[in-house]
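# Report on the structure
The primary structure of each chain is shown beneath.
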Amino acid sequence: ATVAVMLVRAPAFYVSALRCANTLHHAMARAVMAAPYAFFTSTPPGRILNRFSRDVAMMDDWMPGTVFYCTCGLMQLLGSLVLAALAVPPVLGML
């Protein structure tokens, strides 16, 4: 059962992370396209491209793994509390 949950959970999580990164990219693109002309005359194109690539790379590389492992840790903590509460009923009073 644990293996089946892991095989479903990881791809589902990374698909949702991809969807979030896509939403962020579209929001950033809309914000840049809505910028006034003065922004484009004063900001070099390389700086805009560098900012886009850095933010999108962070969302694609760093955030999914970090959030995934944080979620796994929280689920393990919740499971431990449930198991302790079932094994020793007075633990329920402390929760």
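None of the values given here were measured: they were computed from a predicted structure. (Residues numbered from 1 in each chain as written. Predicted model: local features only at pLDDT ≥ 70, side-chain atom pairs only at ≥ 80, totals over all residues. Heavy atoms only, no water.)

The next subject is the overall build of the protein chain. From N to C terminus, the protein chain includes four helices and zero strands. Listed by position from the N terminus, the elements making up the protein chain come as α-α-α-α. With respect to the principal axes defined by its C-alpha atoms, the protein chain has extents near 70 × 30 × 15 Å. Within the span of the protein chain, comprising 95 residues, buried residues form 16% of the whole. Sequence separation of at least 24 residues holds for 60% of the intrachain contacts in the protein chain that already meet a minimum separation of 6. (Helix = DSSP H or I, 4+ residues; strand = E, 2+ residues; numbered from the N terminus. Buried < 20%, exposed > 50% of the residue type's maximum accessible area, 1.4 Å probe, protein only. Contact = heavy atoms within 4.5 Å.)

Spanning 43 residues, helix H3 (residues 45-87) covers 62 Å between terminal C-alpha atoms, matching the ideal 63 Å at 1.5 Å per step. Maximal helix bending in H3 amounts to about 40°, located at methionine 63; proline proline 64 follows within four positions. (Expected span 1.5 Å × (residues − 1). Bend = angle between axes of the 7 residues up to and from the residue.)

Time to look at the confidence of the model for the protein chain. Where the model shows low pLDDT, its predicted coordinates should not be examined in detail. Within the protein chain, residue pLDDT values average 83, and 95% of them lie at 70 or more. Mean pLDDT across the elements of the protein chain bottoms out in helix H4 (residues 91-94) (70) and peaks in helix H2 (residues 37-42) (90). (pLDDT = per-residue confidence, 0-100.)

A grouping of Met75, Leu78, Val82 and Leu86 is seen on the molecular surface, where their side chains present a nonpolar patch of about 420 Å² in accessible area. Note on placement: leucine 86 falls in helix H3. (Patch = residues over 30% accessible without salt bridge, like charges linked within 9 Å, V, L, I, M, F, W, Y side chains within 5 Å. Areas by Shrake-Rupley, 256 points an atom, 1.4 Å probe, with all protein chains shown as cover. Salt bridge = Lys/Arg side-chain N within 4 Å of Asp/Glu carboxyl O.)

The final tally for this structure, using the stated rule, is three aromatic pairs. A ring pair is formed by phenylalanine 13 and phenylalanine 68, whose centres lie 5.3 Å apart and whose planes are at 55°; its orientation type is tilted. With phenylalanine 13 in helix H1 (residues 2-33) and phenylalanine 68 in helix H3, this pair connects stretches of sequence that are 55 residues apart. We classify phenylalanine 68 as buried; its relative accessible area is 11%. An angle of 70° between the planes, with centres 5.6 Å apart, marks the rings of phenylalanine 68 and tyrosine 69 as edge-to-face. Using a relative accessible area of 60% as the deciding quantity, one classes tyrosine 69 as exposed. (Phe/Tyr/Trp six-rings, centres within 6.5 Å; stacked < 30°, edge-to-face > 60°.)

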